[in-house]
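Chain residues, written in single-letter form:
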2 protein chains.
Amino acid sequence: MNTIQKLLSEHRSVRKFEQTALDAAEVEAAVAAAQQAATSSNVQPYCLIQVHEPGSRERLAQASGGQTQVAEAGAFFVVCADQRRFRQIAADRGVPYEANLESFLVGVVDASLFAQNLVIAFESEGYGTCYIGGLRTALSEVTEILELPPDVFPLFGLCVGVPAEDPGPRPRLATSAVLFHERCPDEEALREQIAEYDARMATYYEGRGLAGHTWSGGVQRKFMKPQRTDLAEYYTSQGARLA
Amino acid sequence: MNTIQKLLSEHRSVRKFEQTALDAAEVEAAVAAAQQAATSSNVQPYCLIQVHEPGSRERLAQASGGQTQVAEAGAFFVVCADQRRFRQIAADRGVPYEANLESFLVGVVDASLFAQNLVIAFESEGYGTCYIGGLRTALSEVTEILELPPDVFPLFGLCVGVPAEDPGPRPRLATSAVLFHERCPDEEALREQIAEYDARMATYYEGRGLAGHTWSGGVQRKFMKPQRTDLAEYYTSQGARLA
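Residues numbered from 1 in each chain as written. Chains lettered and ligands numbered in written order. Predicted model: local features only at pLDDT ≥ 70, side-chain atom pairs only at ≥ 80, totals over all residues. Heavy atoms only, no water.

## Remarks on the overall build of chain A
To keep it simple, the criterion reads: Each helix is a run of DSSP H or I of at least 4 residues and each strand a run of E of at least 2, with the numbering of both proceeding from the N terminus. In this description the radius of gyration comes from C-alpha coordinates, and the expected globular size is given by 2.2 Å times residues to the power 0.38. Using a 1.4 Å probe on the protein chains alone, a residue whose accessible area is under 20% of its type maximum counts as buried, one over 50% counts as exposed, and one in between counts as partly exposed. The contact rule is simple, with two residues in contact once any of their heavy atoms fall within 4.5 Å. Here the accessible surface of atoms and residues is derived via Shrake-Rupley with a 1.4 Å probe, and residues count as covered only by protein chains that are part of the display. Lys and Arg are tallied as positive, Asp and Glu as negative. Neither His nor the chain termini are counted. By convention, the point assigned to a charge is CZ for Arg, NZ for Lys, CD for Glu and CG for Asp.
The helix and strand tally for chain A stands at ten helices and five strands. The C-alpha atoms of chain A give a radius of gyration of 20 Å, which matches the 18 Å a tight globule of 243 residues would have. Based on the C-alpha atoms only, the size of chain A along its principal axes is roughly 60 × 45 × 40 Å. Across the 243 residues that make up chain A, the buried fraction comes to 59%. Relative to all contacts within chain A whose residues are 6 or more apart in sequence, the contacts with residues 24 or more apart total 80%. Here chain A displays about 9200 Å² of accessible surface, and carbon together with sulfur accounts for 50% of that area. Both charge centroids of chain A, one from 22 positive and one from 31 negative side chains, sit 3 Å from each other.

So this is what it looks like as structure tokens:
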């Protein structure tokens, strides 16, 4: 394993940060490196909004489910799919711009590739990071606070800062449960993979004072009820088409 | 800029490869490192299918728009969002599994974060890579060839191999056109950012024998007609919900 693969392998989400703001030049360097991530036909359908204002960050922290690191991290960003440039180009040339599920997906995928590059760029400098999927609970606050124009679709938040904790990496599914050859596993193999991971994670949870907790139990509870049921309406109102 | 940011900055998509197959152990090591990418509540809603069979890869190359690297690269993978594990857990426990746009998005985002980690893991070993978004033109072939079960959603392909070309990195939008502070730019600033990039890219295209080509012209043509209009129907038929 080379040093870069070692960095990837040691990723852990950090939720407690020192109150040290990130240097603007350091942020710009990380973003510039991250922008080189692959993007469909070089369209670059994303933007990154850094939120500085303490009151805004406090509101977003509360609205994201009380995740205090949104207010406390050295920097907080909102990662967005962004089709404003495309709409503007089409308008200025007097031709149609046709949004659909494909263009929305290209936005979500390319914004995510860029964001993961950004995470690596920051972690390579010793910073800790934490994605905030809970931002999708706070889309109306995000839209209001950042005065988002149409065609900008906030996807998730990203906290970056000097770590004030080290939770250690969390074990993942066996590689053989993720990497398949030619065909997906059958139902029996799938059950075995889940059982193997549950057994391995039991030890992990126990070591964190969560004896009795299981991975599959967590998954079951997460997906038993539909979550964030307003997303389709929200993204459509912002100018996306999901058909 | 540290060595890792330098690696990110030097990314270029490689489309011509030496015919050297990747070693299985090397693939597993890269996947294992990539799996440590952040994932919402540790659900890991993705899988990676390596396609080895030459006839299948030839068919996928043709169906993806004649992208011969799909057949020729040292390894070819299909990156999928995958909710089979969750559906299985719910079925085995006799509770509902509720798919919706949120769970689909979590799958797309987390599969993309994982894929980008995987690209970095391979590039850190000197391999070249190329995402194949054109796979979404070939979803019926992918489904048939890989006999995809329900709840597996192919998103894009990934070619990896020993580069047989060096196209060099492609310049990106100015960092100030992607990284915003507090607010998105107004329409005038947006137009200036597009014009600045068009001017810079003109030189790039000229150097590649594409004088007269513009970035905004390419964008305009790409989005003038809706592309891949069957995606919503396809993903829904595989078990996704986009509402």
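The structure having been displayed, the exposition proceeds.
## Side note on the relation of the copies chain B and chain A
How we decide: We superpose the copies by least squares over the C-alpha atoms of residues that have a pLDDT of at least 70 in both of them.
When chain B is fitted to chain A, the best match, at an RMSD of 0.0 Å, comes from turning it 180 degrees and sliding it 0.0 Å along the axis. Within this description, the copies of the chain are treated as partners about a two-fold rotation axis. Looking at chain B, 100% of its interface residues are interface residues in chain A too, so the copies touch through the same face.

## So, the nonpolar core
The line we're drawing: Joining through side-chain atoms within 4.5 Å is the link that ties buried Ala, Val, Leu, Ile, Met, Phe, Trp, Tyr and Cys residues into a set, and such a set is a nonpolar core.
In terms of nonpolar packing, the biggest core is built from 174 residues, with Y235 of chain A together with Y235 of chain B touching the most fellow members. Residue contacts for Y235 of chain A: discarding those within four places in its chain leaves F104, R136, L139, F153, P154, L155 and A240 of chain A together with L101 and L105 of chain B.

## Quick word on the interface of chain B and chain A
Many descriptions give the size of an interface as the accessible area lost when the pieces come together. Stated formally: Here the quantity called buried area is the total loss of accessible area, with a 1.4 Å probe, experienced by two parts when brought into contact, counted for both. What counts as a salt bridge is simple: a side-chain nitrogen of Lys or Arg found within 4 Å of a carboxyl oxygen of Asp or Glu.
Taken residue by residue, the interface counts 114 residues in chain B and 114 residues in chain A. Carbon and sulfur atoms supply 60% of the area that chain B and chain A bury against each other, a total of about 10300 Å² over both sides. Put simply, chain B and chain A have eight salt bridges between them. Residue E102 of chain A is joined to R228 of chain B by a salt bridge in which the shortest nitrogen-to-oxygen separation is 2.7 Å.

## Some thoughts on helix α8 (residues 187-206) of chain B
Every α-helical turn comprises 3.6 residues, leaving residues that sit three or four positions apart pointing alike. In plain terms, the rule: For a helix, the expected span equals 1.5 Å multiplied by the residue count minus one.
Between its first and last C-alpha, α8 of chain B extends 28 Å over 20 residues, near the 28 Å set by a 1.5 Å rise per residue. By the burial criterion, the buried members of α8 of chain B are L190, Q193, I194, Y197, D198, M201, Y204 and Y205 of chain B. Against the buried residues of α8 of chain B lie α5 (84-93) of chain A together with β5 (179-181) and α9 (215-224) of chain B.

## Digging into the packing of aromatic side chains
Residues and elements named next belong to chain B. Put simply, the test is: Only centres within 6.5 Å qualify two rings of Phe, Tyr or Trp (six-membered ring in Trp) as a pair; their planes then separate them into stacked at under 30 degrees, edge-to-face at over 60, and tilted for everything else.
The tally for this structure, following the rule as stated, stands at 26 aromatic pairs over all chains. On the basis of an interplanar angle of 85 degrees and a centroid distance of 6.1 Å, the ring pair of F153 and Y235 is categorised as edge-to-face. Taken as a pair, F153 in strand β4 (residues 152-161) and Y235 in helix α10 (residues 231-237) lie far apart in primary sequence, 82 residues in all. By relative accessible area, which is 0% here, Y235 ends up buried.

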